Amino acid sequence: MTRGSVENFESPAKGLKIIGKPIPRHDAWEKALGLTAYAADFSLPGMLHGKVLRSQYPSAKILSIDTSKADRLSGVRAVITAKDVPRNESVTRFGQTHTVGGGFEGLYRVLADKKVHYLGEAVALVAAETEEIAKKTLELIQVEYEPLPGVFDPIEAMKPDAPPVQEGRPNIITHYEVVKGDVEQGFADAEVIVENTYRVPFVDHAYLEPESGVGWIDESGVITIRVSTQVIEHFRGVADVLNLPHNRVRVMGTYVGGGFGGKEDITVEAFLALLTFKTGRPVKLTYTREESILSHSKRHPYVMSYKTGAKKDGRLTALKAQLVSDAGAYVYLSPWVLLYSMVDAAGPYRIPHVKVDGYTVLTNNTFTSANRGFGAPQVCFAYESQMDELAAQTGLAPHHVRMINYLEKGEALATGQVLDHHVGLKEATEKVLDALREGSPAAGKMKTGKGIASGMTSYGRMVFLHDTSRSHVSIEMDGSVTIRAGVQDIGGGQASSLCQITAEVLGVPLEDIKIYIADTALTPLAGTTTATRQLYMSGNATLIAAREVRKVLIKKAGEILGIDPVKLDLADREVIDKEGTGKGLSLKEVVRACASDGLPLYHVALFKAPFRNVAQFERIEGQVFPDFTFGTHGAQVAIDEETGQIHVLKLISSFDVGRAINRLSVEGQIEGGAIYAMGYALTEEVVLDKGVTRTPSFSEYLLPTSMDVPELTTLLIESGDGVGPFGAKGVGEPSVCSVAPAIANAVYDAIGVRIYDLPLTPEKIVKALKKVKDR
């Protein structure tokens, strides 16, 4: 891997000692040495092994299930079907405690009952003494199916005569609209109009660690599940499945070997609870790679029709779009993802007249749900391709068309939400353009091209979810510090960032801090590790908690020293006089004095995001998110016109990150996001043929490898104007948003051919070039 430069264009905030530094994470050595215990690394004495029987059809009636042979197999301890589940159907919830309505809570079905709706749907569970016996048990369960007609194209599924996917409900789950001005007047004012249809595919999360967990019943009779998850708050849903009080289920989140949204839904938790509850013994369940690809959620495919109008000078006048997303067989997070897409659909641009219609539709494909970017990458591919098409039609430079239309702080999106914080697009694009002008890798006889794309992605959940997060910070008698927060760490340094924030506030080194995370019984609930929200939400909660502890320490130190507390600071395990009198105390002395006087040396903080209630959801208006992260990607490609092979030579990322809490983590998120999205652009697609997965393993589902990683350049802008701690913004999901259109625009620049659907495979390049030559 060739790594380019990492540059910062604003000096760090004055006075910060630890924030902004490229400090190794608190868990870095454990991970580097392979000592971190992930979900599948855990075992218990007397543990059984679980397996899941899955549907062999994408749409079929279940006529009968005969488990008699499986029940009699030696070593089998449980066989469970839908009739054995205390509450087989409930509502999908994703950590929120506020009931939203408006179609946001869909059906959660544990095991298929009477009908299967997609290939790979769970039909039965088994637990046995060994994994081999569990596999054999699946073969002995006899399921009689009657195949039914299915529908596999979302456009077809919208038609009145399409087969219904779910009983008692239409295939169209949700319709939203965004309306601003008079779009027909906007097109009448336009001098140039560009109209195209774009398609993006099903995509797998392809995390290194498949879904896994271990369940057991503790000495108090509590069902305990140690699991790889992004949402420990699923303990409530699991308890509901068993008709148990919520405090009789405990979820312990492990460090996660990749989530990207795929572990936001319930995966193995309910299965483990059922098997453990029935057998009374510990049970382990780990999916195979093939099972993971077959059965878990995917990124939504979209069909996007865009019509964009502009003046000859490049100024936008109108945008009209229709978005149709494929939800697969269950609702899950599809309405949420579509809403994100609707807010982002017009891009970060000043457009007087906008009309966007969006639909999410049930089909008999594998269900779709959260994937990194959550609806933003799909529409970004469309609107940024349109911007380059407009540039071509007007004869203007692509960057010029963007620069004159970028929104700025104080202006409003098409939804009416005002951008109250810095919009760093112009700075980001200028930095990317400068980097693209620098020396380029050799490309031989291949055609080369350069492209840019800008994007916007929210961080923090939708404000009508009434999101909250909690964190507990305490200081011990020896000056060491403990953090307890129900944060799920999915590899982005979520836990480590809380340590760094606390170290900054309390003046202790990172090695003096111990953090406990992701335990519904022992850590204050911090909400989901989704929506690029943990730094914003739990970071702010931890900052509040640490500052409250600091107030107690500083006040007591001031009393002891006879100095105004405002003149004191905490640094290097000491209380120091900022005015340089030389007076001071060790942190340990102050802590002991506080303890002696019965002063609180801990604080549990609650941080609330902005709250808003929404009366209707069909027309999206007003504030939807706390804030957005803005940035630009640049790409340089080389293309072999004979084979259609695309080689990405350079990928440049520039984002306003607000404030980098840990520079290494920020750079890692942005660089990792660039490669994650490069796969979306070039190779990754879950191919479904009438609901049947044709890419069941990494032999067919093609991921970028280390040999494909181009020269990477990461350019950080620190405006300090985010809503996170110390002015930080989120970067985990924004980092993937605009890579695919930047590469597509570079391809167009190289060969003069536009590809309208992802991935940009060699076959599509060759076919498009041949079509041009045959004209």
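Conventions we followed
Sequence order as written defines the numbering, with residues in each chain counted from 1. The predicted origin of the model limits local features to residues at a pLDDT of at least 70 and limits the giving and counting of side-chain atom pairs to 80 or more, whereas totals for whole chains, interfaces and linings rest on all residues. To obtain the side-chain values, all non-hydrogen atoms of the structure were used and water was disregarded. Type-normalised accessible area, obtained with a 1.4 Å probe on protein chains alone, sets the label of each residue: buried when under 20%, exposed when over 50%, and partly exposed for intermediate values. Strands here mean DSSP runs of E at least two residues long; helices mean DSSP runs of H or I at least four residues long; both are numbered from the N terminus. Any two strands with at least two DSSP bridges between them are considered paired. Stacked, edge-to-face and tilted labels apply to pairs of Phe, Tyr and Trp rings (six-membered ring for Trp) whose centres lie within 6.5 Å, assigned for plane angles under 30 degrees, over 60, and everything in between, in that order. For a Lys NZ or an Arg CZ to count as sitting over a ring, it must be within 6 Å of the ring centre and within 35 degrees of the ring normal. In what follows, salt bridge is the name for a side-chain nitrogen of Lys or Arg lying within 4 Å of a carboxyl oxygen of Asp or Glu. To obtain each axis, a line is fitted to C-alpha atoms, and for helices this fit is confined to the stretch in contact; angles are then taken between N-to-C directions over 0 to 180 degrees. The pLDDT score gives, residue by residue, the confidence of the prediction method on a 0 to 100 scale. Throughout, a contact is declared for two residues whenever any of their heavy atoms are within 4.5 Å. Domain delimitation follows an automatic or database domain assignment. Once two parts are brought into contact, the accessible area they lose, counted with a 1.4 Å probe and summed over both, makes up the buried area. Definition of a polar contact: a pair of N or O atoms within 3.5 Å, with one able to donate and the other able to accept a hydrogen when the atoms are protein atoms, and with sequence-neighbouring residues admitted only if both atoms are side-chain atoms. The nonpolar class holds Ala, Val, Leu, Ile, Met, Phe, Trp, Tyr, Cys and Pro. Asp, Glu, Lys and Arg form the charged class, and all remaining residues, Gly among them, are polar. A helix's residues, less one, multiplied by 1.5 Å, set its expected span. We define a nonpolar core as any set of buried Ala, Val, Leu, Ile, Met, Phe, Trp, Tyr and Cys residues linked to one another through side-chain atoms lying within 4.5 Å. Each angle receives one of four descriptions, namely roughly parallel if under 35 degrees, roughly antiparallel if over 145, roughly perpendicular if within 65 to 115, and oblique otherwise. Crossings are assigned a handedness: left-handed for a near helix turned anticlockwise from the far helix by less than a right angle, right-handed for a clockwise turn.

Before going further, it helps to examine the pairing of strand E2 (residues 48–54). Counting buried positions along E2 yields six of seven residues, so the element is predominantly enclosed. Of the strand pairs in this sheet, E2 and strand E8 (residues 122–128) are connected by six bridges, and their pairing is antiparallel. What sits directly across from His49, in E8, is Ala128.

What follows is about the pairing of strand E21 (residues 481–485). The side chains of a regular strand alternate, residue by residue, between the two faces of the sheet. Most of E21 sits inside the fold, with four of its five residues counted as buried. With four bridges connecting them, strand E20 (residues 468–475) and E21 associate as antiparallel partners. Across the sheet, the residue bridging to Ser474 is Thr482, located in E21. The turn joining E20 and E21, which pair antiparallel and follow one another in sequence, is formed by five residues; a positive phi near 90 degrees is taken by Gly479. The sheet contact formed by E21 and strand E22 (residues 513–517) spans five bridges and is parallel. Bridged to Ile483 within E22 is Ile515.

Turning next to the packing of aromatic side chains. One pass over the full model with this rule turns up 18 aromatic pairs. Following the ring pairs from residue to residue traces out a cluster consisting of Tyr340, Phe374, Phe625, Phe628 and Phe630. Its end group placed over the ring of Tyr287, Arg54 keeps NZ or CZ at 5.0 Å from the ring centre.

A word on the pattern of salt bridges. For the coordinates displayed, the defined rule picks out 42 salt bridges. Of the charged contacts in the structure, one is a salt bridge between Asp434 and Arg437, with a shortest N-O distance of 2.7 Å. Remark: Arg437 and Asp434 occur in helix H12 (residues 425–437); sequence separation between them is three residues, near one turn of the helix. One connected set of salt bridges, linked through shared partners, spans Glu177, Lys355, Asp357 and Arg619.

One open sheet accounts for five strands, arranged E10-E18-E17-E16-E11; its pairing is mixed. Either end of the sheet is taken by a strand with one partner, and the two such strands are strand E10 (172–180) and strand E11 (192–200). The sheet shows a mean angle of 5 degrees between the axes of neighbouring strands, taken without regard to direction. Sheet topology note: the E10/strand E18 (residues 353–362) ladder contains eight bridges and is antiparallel. Across the sheet, the residue bridging to Tyr176 is Gly358, located in E18.

This part is about the sheet that holds strand E3 (residues 60–66). With antiparallel pairing, the three strands of this open sheet are ordered in space as E7-E3-E9. A single partner strand is all that each edge strand has here, and the edge strands are strand E7 (115–116) and strand E9 (142–147). Bridge count between E3 and E9: six bridges; the pairing is antiparallel. Among the inter-strand pairings, Asp66 is bridged to a residue of E9, identified as Gln142.

All right, on to the confidence of the model for the chain then. Close reading of the predicted structure is inappropriate where its pLDDT is low. Across the chain, the average pLDDT comes to 96, with 98% of residues at 70 or higher. Here residues 1–12 is modelled with pLDDT under 50, and outside its nearest four sequence neighbours on either side it reaches 33 contacts, counting other chains as well.

Once that is clear, we can look at the environment of Ser458. Tracing the chain through its elements places Ser458 in strand E19 (residues 447–459). Here Ser458 falls in the buried class, since its relative accessible area comes to 4%. With 172 residues separating them in the primary sequence, Ser458 and Phe630 have C-alpha atoms 8.8 Å apart.

Moving on: the domain arrangement of the chain. We note that the domain assignment places domain 1 (39–148 + 211–286), domain 2 (302–408 + 418–463 + 615–774) and domain 3 (468–608) within the chain. Look at where the C-alpha atoms of domain 1 and domain 2 centre, and you get two points 36 Å apart. At the boundary of domain 1 with domain 2, total buried surface from both sides reaches about 2000 Å², with 63% on carbon and sulfur atoms. Interface area lost by domain 1 to domain 2 is led by Phe104, Tyr118 and Phe260, which between them contribute 34%. Between the two partners, domain 1 and domain 2, sit seven residue pairs in polar contact (both at pLDDT 80 or more). The class makeup of the residues in the side of domain 1 that touches domain 2 is nine nonpolar, eleven polar and four charged.

To continue, consider helix H14 (residues 534–561). Look at H14: 38 Å from first C-alpha to last across 28 residues, which is about the 40 Å you get at 1.5 Å a residue. Positive phi appears at Gly562, one or two residues downstream of H14, with a value of about 70 degrees.

The next subject is the nonpolar core. Among the nonpolar cores identified, the biggest contains 199 residues, and Tyr306, Leu323, Leu339, Met462, Leu553, Leu651 and Ile743 are the most heavily contacted of them. When neighbours within four sequence positions are excluded, Leu651 is seen to be in contact with Gly634, Ala635, Ala674, Ile675, Met678, Pro710, Glu711, Leu712, Thr713, Val739 and Ile743. Ala70, Val79, Ala128 and Leu138 belong to the second-largest nonpolar core, a separate cluster that totals eleven residues.

To continue, consider the environment of Val463. Residue position: Val463 is located in the loop between E19 and E20. Judged by its relative accessible area of 1%, Val463 is buried. Taking the C-alpha atoms as reference points, Val463 and Asn613, 150 residues apart in sequence, are found 8.0 Å from one another. Setting aside chain neighbours within four positions, we find Val463 in contact with Pro610, Phe611, Arg612, Gln623, Val624, Phe625 and Pro626.

Here we come to helix H9 (residues 334–344). Within an α-helix, residues lying three or four positions from one another point in the same direction, as the helix has 3.6 residues per turn. In terms of burial, H9 is a largely internal element, eleven of the eleven residues being buried. Buried within H9 are the following residues: Ser334, Pro335, Trp336, Val337, Leu338, Leu339, Tyr340, Ser341, Met342, Val343 and Asp344.

Packing of helix H16 (residues 663–682) against helix H17 (residues 739–751) brings their axes to within 8 Å, and their N-to-C directions diverge by 55 degrees. As far as their axial angle goes, H17 and H16 are oblique. As H16 packs across H17, the resulting crossing turns out to be right-handed. Taken together, the residues of H17 that come into contact with H16 (itself represented by Ala674, Ala677, Met678, Tyr680, Ala681 and Leu682) are Val739, Ala740 and Ile743. Tallied by class, residues from the contact of H16 with H17 come to nine nonpolar, no polar and no charged.

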